[in-house]
Amino acid sequence: MVKIKKIIPSTSYLTIPQGRENLAVLLKIAEDIQSINTTIAFLRWDLDTYMPPSNSSYRAWQINHLNKAHHDLITSPKLASLIDCFQQKENHKKLSKIEKALVKLISKEIEKIKNVPLKIEQELDEVKIHTYLIWDNAFLTDDFNAVLSGFEKIISLNRQIAEFRGYKNSPYDVLVQNFEPEITTKELDLLFKKLKEELIPILRKISNTGKKINTDFLCKVEEDKLLIVLKQVLNKIGFDMSRGRLDKSIYPFSTILGSNDIRLTSHHRHIWNSMSATLHEGGHALYSQGIDTALSKTPLYEEASYGIDESQSRLYETIIGHSFPFCKFIFPLLKEHFPNELHNVKLEDFYHAINEVTIDHLWDGDEITYNIHVIIRYEIEKDLIEGKLQPKDAPKAYASKVKEYLGFDSPNENESAMQVAHWYDGDIGYFPAYTLGNLYAAQIYHQAKKEIPNLEEEIANGNFHLIKKWLNDKIHFVGKTEIPKEIILRVTGEELNPEYFIRYVKEKYSKIYNVDL
Amino acid sequence: MIRVWPLNQHFANSTRNTTSLKAKVKHPLETTQEKVLTKTPNNNHNFIPGVITNIINFVLCIFGLGKNTNKSAELNNTSFEKAQEEFKNTSEELQALETIEGILDWDLQTLMPAANSDYRAWQMSFITRKYYDTLISDTTCSLLDFLLKEENFKRLNKTEQVLLKYIKRQHDNERKVPISLAEEFTEIVAKAHSVWIEAKETNNFNLFAPYLKKIINLHKQMAVCRGYKGSPYNAVLNLYDYGMTTKELDEIFLKLKKELSPIIKKIMTSKVKTDNSFINKKQGEGELSEEELIELSYNLLETIGVDLSRGRFEKSAHPFTNTNGENDIGITSCLKGLWDAISAATHEGGHALYAQGIDTSLSKTLLYECSSLSIDESQSRLYEEIIGKSLSFWKFYFPKLKEKYPKRLEGITLDDFYRAINKVEVLPIRNISDEVTYNLHVIVRYEIEKDLIEGKLEVKDVPKAWNMKMQEHLGITPKNDSEGCLQDIHWATGDVGYFPSYTLGNLYAAQIYNTAKKEMPNLESEIEKGNLILLKEWLREKIHKYGRTETPDEITRRVTGEPLNVDYFINYIKEKYSKIYNIEL
């Protein structure tokens, strides 16, 4: 037998590294965390796009192993001691801005999971995927009973997690902060109360005008033809296709799989809904592609929060995408590709049609009603988490709130509650981010118009370069190195203020509906 | 196992994604660093820096003395059940990481934007590192030793026993190689690929020679670390084909050479001349469109029995098949021309049937894999060559093909087609060679790499040796090194020892098919009727479902009643080609 050679590590490893070397170790762990994050994102993307459905439980098992690896990394004593070390004053001050943000982010991650048993996290991860897949089928027939047991487990596990993590006022704080750092249920209550006070009367006035808008020409069209236009528009707004992909999925989404691999999905069936969805995901994707690539192998290569992320998608989808200047650009393009569908339709008709206010029991309506639905969802999930409502009663609660705020009966009780995936893919606390996004977007766009002369004229000419560059510089570039409150203050000079959104709505819809708002 | 170098390269036409069979891996520096930073769990020896304890544990473990270390002492006190549970977890983690690496690689080669390749390589290297950290960890080491003790081992069920032995083998293979050596290997291989491309393009062997020399040297050193009996080439061979020996291969290949050379000579003298120019055309010059080739590929895959509800199909630069999950077998094709698409579908379809046929109760273990590279290749070659180029199959499929694409096959008869796809030609390039000459190409490579590893040949003399052997075995001398010793990617990716499995695959295929025909006398008449499910079910029962729980030798003996026997292949060739070339062989 041959003698085996021994490993003799070089002597430099014999001492515990000090100072910068310690930092290198920390950065290495941060890299590993990000590597796991983006790999999980990829496994999810694949699950939603190309994977054979029969493989779903195997995929859940694969993801579970990575979640466990993530958990092990975050909870390792070594990481805790490194973070402790860099939170000490004399060490902390030597760090760069990025490094400080990283230490803060990781210490929050540690806080988040150190008190939650791994078993609970794993159970939730499994329930999430399974329930999501059931929902994926059941939502077609509004079969709430099919998802109910998964939904119940999701709520109960989330409540347990909130208890393990601890909170001051509401257990919902813990969950909403997964999506919007440092925001509280109390702040949201105030914000949403104000919105309800303002928006519900506006909706009532609009509804009272009785104005009928013709939307017949916003119809289903040939998929392949539409895809060409969608790609053209993505390209126009500045999405770099060599650093990403566009694919098809039932529920459109966008995800970071690498700094040069930003993938968005859409459906390609409806002349305007699909365009709208693509602009929405395009807004997310521009954000993802605009983050400083120096951050790409750290967990800071991510949007600042779900709310800020949503502000970028809603900015492109609604504030720009549903604006009159944008119609000047997109309408001729659509007319060129779909001459039959848009035969005899005028620019004004088109603008009015896409902005029709459809006060409805469903969520995918206009940009005003939208927020009422978010608030309803917020109120329901807050009650579920605070134990004031049972999951089985969620559809009924939804219907009664629709009646209260919007004034009509739902034809099918389950339909509203089944409409969106988040309750069934486990993302409790996500919904407020949608309305926060609208509010941020209005405030940010207000600032952009002040700083960029002729912005709307440029958009009408199909020039999106200026707005993209401005957003890149002001919002996208910093990634997760700033929290939403810092970003809004830096960019607009004040804190989040719902007035900008309310003013925007009043100005726009008083013209469309010819009514004083 | 898990590949670390960026994979924009692939074995030209070798087609099987070797991810799960690749044995050489990186042990990144960070592993060592992390170990240093973790305080030793041994409280009685606080004065010993962690790294020294690690070395001690490591050395003790290698020499089977692991039971004296702290961790093993703990293990001894734990129950068998606990160890069994721990083993299940470790094994599942390894398989999860392996399949995750597989799907990352699949995406890299199919849908991922090219701009992301560095990032993807970085993601994959994390998974690889995690895999190897788990595989060679001290904990795994003591766990394996604990369960291998006779009183524990006998309490495991048969699958667990096979799995344990398999993981132990992988563990030893990797753990015995020093990290520094493994890293050096990874590094040189990462660099060698682009050098090889340049050398091939500029026909400059001298450019590639220093890299090949380094790779061979490292293989020799690693062979010493891993240990071997007889030839050091056995050590590299066993990375791909466990249990096969250089001695056996020498005998097999000698016999093949002796039989095949005269056959080729005779065929070359035949008066039958074949035109095969029509089987592949260029896009835009009368070839089927890409959409039509995709449709054809789906149809062929379904015809031979691939379940596409448990798999998917994409386009890639080189065709390959990959296990992305229990119900997720990925198949690709390059979709260049009619015959390229057909042979990719039958070849990859053969791999896919194997992958889909493995008992799903194994899916969360490392045994959810083919028995070996060579048995895997036997299934792909069985469908690509023996079935996919047989008269029985084309009697059924040619009329369908012609009906579907009348213009593409205008004026071509079944006989023309059958002869064209079976044309025998002596070419300098392996991967476009027919099934008669193909194995001699493999033998040339085998003899050269064996001599290199055994130190009987120097790298600088490879071109000379190559040309001589080509002349000797095939009667042809390559024009230059680009179409000679530089043509294949394998050595540049460090895959020395890989080539023999191609020929072994052909030999197993012929022998297995012979048994299939014996056991199902109506097999070929059923194929002529378009029933390929009979064969699929038989292969599944006899071979596929076992996954990696049996070795190639065990499979061959169980299925055919004897060990690997070259005669079946020779007889198959003689019978088939004497008819085609109207000549006595």
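The model shown is predicted, which means the values in this text are computed figures rather than measured ones. (Residues numbered from 1 in each chain as written. Chains lettered and ligands numbered in written order. Predicted model: local features only at pLDDT ≥ 70, side-chain atom pairs only at ≥ 80, totals over all residues. Heavy atoms only, no water.)

**Thoughts on the overall build of chain B**
For step 1, the next point in the chain: Each helix and strand counted, chain B has 24 helices and 3 strands in total.
For step 2, the next point in the chain: Among the 585 residues that make up chain B, the fraction classed as buried is 63%.
For step 3, the next point in the chain: Intrachain contacts of chain B at a sequence separation of at least 6 include 73% that bridge at least 24 residues.
For step 4, the next point in the chain: By element, 50% of the accessible surface of chain B is carried by carbon and sulfur atoms, the whole surface being about 22200 Å². (Helix = DSSP H or I, 4+ residues; strand = E, 2+ residues; numbered from the N terminus. Buried < 20%, exposed > 50% of the residue type's maximum accessible area, 1.4 Å probe, protein only. Contact = heavy atoms within 4.5 Å. Areas by Shrake-Rupley, 256 points an atom, 1.4 Å probe, with all protein chains shown as cover.)

**Thoughts on the overall build of chain A**
For step 1, the next point in the chain: Looking only at helices and strands, chain A has 22 helices and 3 strands in total.
For step 2, the next point in the chain: Compactness check: chain A gives a C-alpha radius of gyration of 24 Å against a globular reference of 24 Å for 517 residues, within 12% of the reference.
For step 3, the next point in the chain: Taken over the C-alpha atoms alone, chain A extends approximately 85 × 50 × 50 Å along its principal axes.
For step 4, the next point in the chain: Expressed as a percentage of contacts within chain A between residues at least 6 apart in sequence, the contacts between residues at least 24 apart total 73%.
For step 5, the next point in the chain: Total accessible area on chain A stands at roughly 21500 Å², and carbon and sulfur atoms take up 50% of it. (Rg over C-alpha atoms; globule rule 2.2 N^0.38 Å.)

**Brief notes about the pattern of salt bridges**
For step 1, the next point in the chain: Evaluation of the coordinates by the stated rule reveals 70 salt bridges over all chains.
For step 2, the next point in the chain: Note that Arg 59 of chain A is salt-bridged to Asp 328 of chain B, the shortest N-O span being 3.8 Å. Taken together, the residues Arg 59 of chain A in helix H2 (residues 56-74) and Asp 328 of chain B in strand S3 (residues 328-333) connect one chain to another.
For step 3, the next point in the chain: Residue Arg 59 of chain A is classed as buried on the basis of its relative accessible area, which comes to 0%.
For step 4, the next point in the chain: In this structure, Lys 194 of chain A engages Glu 499 of chain A in a salt bridge whose closest nitrogen and oxygen atoms are separated by 3.0 Å. (Salt bridge = Lys/Arg side-chain N within 4 Å of Asp/Glu carboxyl O.)

**Considering unusual backbone geometry**
For step 1, the next point in the chain: With a phi close to 70°, Asn 344 of chain A is a non-glycine residue in the positive phi region.
For step 2, the next point in the chain: Of note, Asn 344 of chain A is situated in the loop between helix H13 (324-337) and helix H14 (347-354).
For step 3, the next point in the chain: With a relative accessible area of 66%, Asn 344 of chain A lands in the exposed category.
For step 4, the next point in the chain: Even without being a glycine, Asn 582 of chain B presents a positive backbone phi close to 50°.
For step 5, the next point in the chain: Within the element layout of this structure, Asn 582 of chain B appears in the segment after helix H24 (567-580).

**Details of H2 of chain A**
For step 1, the next point in the chain: The end-to-end C-alpha distance of H2 of chain A is 27 Å, a good match for the 27 Å that 19 residues give at a rise of 1.5 Å each.
For step 2, the next point in the chain: Along H2 of chain A, 16 of the 19 residues are buried, which leaves the element largely enclosed by surrounding structure. (Expected span 1.5 Å × (residues − 1).)

**Quick word on the packing of aromatic side chains**
All names here are of chain A.
For step 1, the next point in the chain: Scanning the entire structure with this criterion turns up 49 aromatic pairs over all chains.
For step 2, the next point in the chain: The interplanar angle of 65° and the centroid separation of 5.8 Å between the aromatic rings of Phe 326 and Phe 464 together place this pair among those described as edge-to-face. You can see Phe 326 sitting in helix H13 and its partner Phe 464 sitting in the loop between helix H19 (455-460) and helix H20 (465-476), a full 138 residues away along the chain.
For step 3, the next point in the chain: Assessed through its relative accessible area of 1%, Phe 326 is described here as buried.
For step 4, the next point in the chain: The class for Phe 464 is buried, based on a relative accessible area of 1%.
For step 5, the next point in the chain: Measuring from ring centre to ring centre gives 5.7 Å for Trp 363 and Phe 431, while their planes differ by 75°; the resulting arrangement is edge-to-face. (Phe/Tyr/Trp six-rings, centres within 6.5 Å; stacked < 30°, edge-to-face > 60°.)

**Overview of the nonpolar core**
For step 1, the next point in the chain: One finds Trp 272, Ile 330, Leu 334, Phe 350 and Ile 467 of chain A together with Trp 394 and Phe 417 of chain B to be the most contacted residues of the largest nonpolar core, which totals 337 residues.
For step 2, the next point in the chain: Among the elements that make up this core, the one with the highest residue count is helix H1 (residues 20-49) of chain A (12 residues).
For step 3, the next point in the chain: Sequence-distant contacts of Phe 417 of chain B, defined by excluding residues within four places in its chain, comprise Phe 278, Trp 339, Trp 394, Phe 398, Leu 401, Leu 409 and Ile 412 of chain B. (Core = buried A, V, L, I, M, F, W, Y, C linked by side-chain atoms within 4.5 Å.)

**A closer look at the sheet that holds S3 of chain B**
All names here are of chain B.
For step 1, the next point in the chain: Ordered by their spatial adjacency, 3 strands build an open sheet running S1-S3-S2, and the pairing between neighbours is mixed. Only two strands of the sheet have a single partner each, and these edge strands are strand S1 (311-315) and strand S2 (321-325). The sheet shows a mean angle of 25° between the axes of neighbouring strands, taken without regard to direction.
For step 2, the next point in the chain: Bridge analysis of S1 against S3 gives 5 bridges, and the strand direction is parallel. In the strand pairing of S3, Phe 313 is matched with Ile 331.
For step 3, the next point in the chain: Running over the sheet, helix H14 (residues 338-357) touches S1, S2 and S3 and is turned about 165° from S3. (Pairing = 2+ DSSP bridges. Axes fitted to C-alpha atoms, helices over the stretch in contact; angles between N-to-C directions.)

**Quick look at the sheet that holds strand S1 (residues 244-248) of chain A**
Residue and element names in this part refer to chain A.
For step 1, the next point in the chain: A sheet is described by the order of its strands in space; here 3 strands give the open sequence S1-S3-S2, paired in mixed fashion. Whereas interior strands pair on both sides, the edge strands pair on one side only; in this sheet they are S1 and strand S2 (254-258). In this sheet, adjacent strand axes meet at a mean angle of 25° when their direction is disregarded.
For step 2, the next point in the chain: Across 5 bridges, S1 lies against strand S3 (residues 261-266) in parallel orientation. Along S3, the bridge assignment pairs Arg 245 with Arg 263.

**Considerations on the packing of helix H12 (residues 246-269) of chain B against H24 of chain B**
All names here are of chain B.
For step 1, the next point in the chain: Remark: H12 packs on H24, axes separated minimally by 11 Å, with the N-to-C direction vectors making an angle of 5°. Judged on the interaxial angle alone, H24 and H12 are roughly parallel. Contacts between H12 and H24 pair Lys 255, Leu 256, Glu 259, Leu 260, Ile 263 and Ile 267 from the former with Asp 567, Phe 569, Ile 570, Ile 573, Lys 574 and Tyr 577 from the latter.
For step 2, the next point in the chain: Class assignment of the residues belonging to the contact of H12 with H24 gives a composition of 8 nonpolar, no polar and 4 charged. (Parallel < 35°, antiparallel > 145°, perpendicular 65-115°, else oblique. Nonpolar A, V, L, I, M, F, W, Y, C, P; charged D, E, K, R; others polar.)

**Examining the pairing of S3 of chain A**
Residues and elements named next belong to chain A.
For step 1, the next point in the chain: Of all the 6 residues making up S3, 6 are buried; the element is thus mostly covered by neighbouring parts of the structure.
For step 2, the next point in the chain: Residues Asp 261, Arg 263 and Thr 265 point to one face of S3 and Ile 262, Leu 264 and Ser 266 to the other, with burial holding for every one of them.
For step 3, the next point in the chain: Between S2 and the antiparallel strand that follows it, S3, lie 2 residues.

**Points about the packing of helix H13 (residues 290-304) of chain B against H14 of chain B**
Residue and element names in this part refer to chain B.
For step 1, the next point in the chain: Closest axis-to-axis distance for the H13/H14 pair is 9 Å, and the angle between their directions is 35°. The chirality of how H13 crosses H14 is right-handed. Residues Leu 293, Leu 296, Ser 297, Leu 300, Leu 301 and Ile 304 of H13 form the contact with H14, whose own contacting residues are Leu 338, Ala 341, Ile 342, Ala 345, Thr 346, Gly 349, Gly 350 and Leu 353. (Left-handed = near helix turned anticlockwise from the far one by under 90°.)

**Examining the environment of Leu 156 of chain B**
Residues and elements named next belong to chain B.
For step 1, the next point in the chain: Mapping Leu 156 onto the fold places it in the loop between helix H7 (150-153) and helix H8 (158-175).
For step 2, the next point in the chain: Residues Leu 156 and Phe 80, 76 residues apart in the sequence, show an inter-C-alpha distance of 9.7 Å.
For step 3, the next point in the chain: Residues in contact with Leu 156, not counting those within four places in the same chain, are Phe 80, Gln 84, Leu 147, Gln 161 and Leu 164.

**Topic: H1 of chain A**
At 3.6 residues per turn, the α-helix brings residues three or four places apart onto the same side.
For step 1, the next point in the chain: Its 30 residues place the ends of H1 of chain A 43 Å apart at the C-alpha level, agreeing with the 44 Å of an ideal helix rising 1.5 Å per residue.
For step 2, the next point in the chain: With respect to burial, H1 of chain A is a largely interior element, 21 of its 30 residues being buried.

**A short note on the side chain of Ser 343 of chain B**
For step 1, the next point in the chain: Locating Ser 343 of chain B in the fold gives a position in helix H14.
For step 2, the next point in the chain: In terms of polar contacts, Ser 343 of chain B uses its side chain to reach the backbone carbonyl oxygen of Asp 340 of chain B, at 3.4 Å. (Polar contact = N/O pair within 3.5 Å; in protein donor to acceptor, adjacent residues only side chain to side chain.)

**Overview of the pairing of S2 of chain B**
All names here are of chain B.
For step 1, the next point in the chain: In terms of burial, S2 is a largely internal element, 5 of the 5 residues being buried.
For step 2, the next point in the chain: In terms of strand pairing, S2 meets S3 through 4 bridges, oriented antiparallel. Looking at the pairing, Asn 322 lines up with Gly 330 of S3.

**Regarding the environment of Leu 452 of chain B**
Residues and elements named next belong to chain B.
For step 1, the next point in the chain: Relative to the elements of secondary structure, Leu 452 occurs in helix H18 (residues 438-453).
For step 2, the next point in the chain: The buried category is assigned to Leu 452, whose relative accessible area is 1%.
For step 3, the next point in the chain: Residues Leu 452 and Gly 330, 122 residues apart in the sequence, show an inter-C-alpha distance of 36 Å.
For step 4, the next point in the chain: When neighbours within four sequence positions are excluded, Leu 452 is seen to be in contact with Ile 216, Lys 220, Leu 457, Glu 458, Val 459 and Val 462.

**Section: the side chain of Glu 121 of chain A**
For step 1, the next point in the chain: Within the element layout of this structure, Glu 121 of chain A appears in helix H6 (residues 118-138).
For step 2, the next point in the chain: Residues contacting Glu 121 of chain A, with those up to four places away along its chain left out, are Ile 113 and Val 116 of chain A.

**A word on the confidence of the model for chain B**
Residues and elements named next belong to chain B.
For step 1, the next point in the chain: Averaged over chain B, the pLDDT score is 87; the fraction of residues at 70 or greater is 87%.
For step 2, the next point in the chain: Every residue in residues 1-73 is under pLDDT 50, and counting partners more than four places away or in other chains gives 177 contacts.
For step 3, the next point in the chain: Interface confidence in the predicted complex, given as ipTM, is 0.86; pTM for the same model is 0.86. (pLDDT = per-residue confidence, 0-100.)

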